[in-house]
Amino acid sequence: MTSIVVAPLARIAEMAVRHRAREMISLMAKEQTFHRPAVIHAHRHLLLNMNDITFKGTGNLVAPDATHVREIIDFAGQWDQTAPLLVHCWMGVSRSPAAALIAALSLVPDQDEIALAQRLRMASPYATPNMRIIEIGDELLGRNGRLVTAIKGIGRGADADGNAPFVLALREPQTV
């Protein structure tokens, strides 16, 4: 089953190799530097510079905006899905889970937002998706507030130490 691997920065190389990922989305503050794992194709690495904030006007911090979220949707649309997509941010708790949800919903638009949010919570008790990214994605994907409501429904994740990568299936597992 096709999936998205969500990881903190400290674990991207390990997760890329373990899951045989060749494509990656990085959501990092502009001043944070890191090395792309060698197994990730340079032309299939999307780096989005943004801070983990939920509103604009916070000094020199960069709030996620519609351009960032559109790039996530477009990048996911070109993912060949023959290997997992790796999505990461600093801690793997807020920006990257939000991006993973947006990517999954853009690729499988007929899925139920509540089921997707519950699948996220089952995969990670720590995920607390960045609501600004969720709100923008909800609007761009024409979800009419359903994704926002679903994410609010699962609540804040448990306190995290930034060392808990997880795998989010693109689709609900099929029962036979």
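Heads up: the structure comes first, above all this text.
This structure is a prediction, so every number in the text was calculated from the model and none was measured. (Residues numbered from 1 in each chain as written. Predicted model: local features only at pLDDT ≥ 70, side-chain atom pairs only at ≥ 80, totals over all residues. Heavy atoms only, no water.)

Engineer: Whenever I open this one, the pattern of salt bridges confuses me. Can you help?
Structural biologist: Pairing is possible between side chains that carry opposite charge, provided their charged atoms lie close to one another. Tallied over the entire structure, the rule returns nine salt bridges. Residue Asp74 is joined to Arg70 by a salt bridge in which the shortest nitrogen-to-oxygen separation is 3.6 Å. Taken together, the residues span about one helical turn, with Asp74 and Arg70 both in helix 2 (residues 66-77) at a distance of four residues. A relative accessible area of 39% places Asp74 in the partly exposed class. For the salt bridge of Arg143 with Glu113, the shortest nitrogen-to-oxygen distance reads 2.6 Å. Separated by 30 residues along the polypeptide, Arg143 in the loop between helix 5 (131-140) and helix 6 (146-154) and Glu113 in helix 4 (residues 113-123) bring together distant segments of the chain. Accessibility expressed as a relative area gives 5% for Glu113, which makes it buried. Each of the salt bridges in this network shares a partner with another, and the network as a whole consists of Arg11, Glu14 and Arg18. (Salt bridge = Lys/Arg side-chain N within 4 Å of Asp/Glu carboxyl O. Helix = DSSP H or I, 4+ residues; strand = E, 2+ residues; numbered from the N terminus. Buried < 20%, exposed > 50% of the residue type's maximum accessible area, 1.4 Å probe, protein only.)

Engineer: Sorry if this is basic, but what is going on with the pairing of strand 4 (residues 85-89) here?
Structural biologist: For a regular strand, side chains alternate in direction, first toward one face of the sheet and then toward the other. Most of strand 4 is tucked away, with five of its five residues classed as buried. Across the two faces of strand 4 the burial is the same, with Leu85, Val87 and Cys89 and Leu86 and His88 all buried. Here strand 1 (residues 3-8) pairs with strand 4 via five bridges, running parallel. Residue Ile4 lies in a different strand from strand 4, and its bridge partner there is Leu85. (Pairing = 2+ DSSP bridges.)

Spatial relationships are all this shows, so hold off on functional conclusions.
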